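Report on the structure
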Amino acid sequence: MADVSQRELAMFVVDSFSSAPFTGNPAAVCLLPHDSRLTEGDKQRIAAEMNHSETAFVQELSSEQTFDKSSHFNLQWFTPTCEVSMCGHATLASAYILFTQSGNCNKEIAFSAKCGLLKTHLTPDGAVSMDFPLADLEDIDPVEVSDILSTIFPRESGVKNRAKFSAQTGKLLIRLQDDFPLQSLTFDIQNQ
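Now for a look at the structure at hand. All figures in this text were calculated on a predicted structure; none of them were measured in a lab.

Turning to the overall build of the protein chain, a few remarks are in order. Regarding its fold elements, the protein chain presents 3 helices and 11 strands. Counting over 192 residues, the protein chain shows a buried share of 36%. Taking the intrachain contacts of the protein chain between residues at least 6 apart in sequence as the baseline, contacts between residues at least 24 apart amount to 56%. Surface accessibility of the protein chain: about 11700 Å² in total, with carbon and sulfur atoms responsible for 52%.

Set out below in structure tokens:
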């Protein structure tokens, strides 16, 4: 484990999708120099300590590619319990910090992440936009995932016979009937 207690880290909390404090979708952002020795375990513990839905770790690619000048960085996201392969609002928060707090003057900042290359842009009005990557989707027979579907949807009537899976993101997409009452869903995340 790296000795994180002896090193200061640049940490920020950003409320994405909002122009007012304490609204929107908060994410923590941690800026790491290229030579950071934080382990995955250290990042996980920091994310648990921050206790936001996601903590983004933005890392310089080299000593020449600094937060104020570079247009390309590495990016990882951790929840309080695990690393995730993609988080949109924490990516927007990361770009926002680079544009506004680090003085980055580029119009576009790209992030290399597990899900691929993500590009963010500073709009003329000072907002940050992002190009979401398109994931390849494969049709999957709902019968193959019937145990998952029966856990989420106790009554079969809400699920149409369409399901898709993305190996890139590890996400299962399920088509619901247009009038399905989403508020009726409950999840037991303790038994995943």
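Attention now moves to the pattern of salt bridges. Inspection of every chain in the model, using the stated rule, returns 5 salt bridges. Linking K43 and E40 is a salt bridge whose minimum nitrogen-to-oxygen distance equals 3.8 Å. With a gap of 3 residues between them, K43 and E40 both fall in helix α1 (residues 40-50), about one helical turn apart. You can call K43 buried: its relative accessible area is 4%. Its relative accessible area of 41% is what places E40 among the partly exposed residues. Salt-bridge contacts for K69 lead to D68; the nearest nitrogen and oxygen are separated by 3.4 Å.

This part takes up the pairing of strand β2 (residues 25-32). Consecutive side chains along a regular strand alternate between the two faces of the sheet. Counting buried positions along β2 yields 6 of 8 residues, so the element is predominantly enclosed. In this sheet, β2 lies alongside strand β1 (residues 10-16) in antiparallel orientation, the contact comprising 7 bridges. In the strand pairing of β2, D15 is matched with P26. Pairing analysis gives 5 bridges linking β2 to strand β3 (residues 55-59), with the strands arranged parallel. Bridge pairing in β3 links L32 to Q59. Remark: the β2/α1/β3 crossover connection has right-handed handedness.

To continue, consider the nonpolar core. By size, the foremost hydrophobic cluster in this structure holds 26 residues, and its most contacted members are L31, V58, F73, W77, L98 and F111. At the level of secondary structure, the elements contributing two or more residues to this core comprise β2, β3, β4 (72-78), α2 (88-100), β6 (108-113) and β8 (128-131). With 7 residues, α2 is the single largest residue contributor to this core.

With respect to the secondary-structure elements, V14 resides in strand β1. Taking C-alpha positions, V14 is 5.5 Å from A27, a pair spaced 13 residues apart along the chain. Apart from residues lying up to four places away in sequence, V14 is in contact with N25, P26, A27, A93, Y96 and I97.

Here the focus is α1. Of the residues making up α1, those classed as buried are D42, K43, Q44, I46 and A47. Close packing links the buried residues of α1 with β1, β2, β3, β4 and β5 (83-84). Just beyond α1, the residue with positive phi is N51, at close to 60°.

Under the defined criterion, the tally for this structure stands at 3 aromatic pairs. For the pair F57 and F78, a centre-to-centre distance of 5.7 Å together with 85° between the ring planes defines the contact as edge-to-face. With F57 in strand β3 and F78 in strand β4, this residue pair connects regions lying 21 residues apart in the sequence. A relative accessible area of 2% places F57 in the buried class.

Criteria and cut-off values
- Residues numbered from 1 in each chain as written.
- Predicted model: local features only at pLDDT ≥ 70, side-chain atom pairs only at ≥ 80, totals over all residues.
- Heavy atoms only, no water.
- Helix = DSSP H or I, 4+ residues; strand = E, 2+ residues; numbered from the N terminus.
- Buried < 20%, exposed > 50% of the residue type's maximum accessible area, 1.4 Å probe, protein only.
- Contact = heavy atoms within 4.5 Å.
- Areas by Shrake-Rupley, 256 points an atom, 1.4 Å probe, with all protein chains shown as cover.
- Salt bridge = Lys/Arg side-chain N within 4 Å of Asp/Glu carboxyl O.
- Pairing = 2+ DSSP bridges.
- Right-handed = clockwise from strand over helix to strand, strands pointing away.
- Core = buried A, V, L, I, M, F, W, Y, C linked by side-chain atoms within 4.5 Å.
- Phe/Tyr/Trp six-rings, centres within 6.5 Å; stacked < 30°, edge-to-face > 60°.

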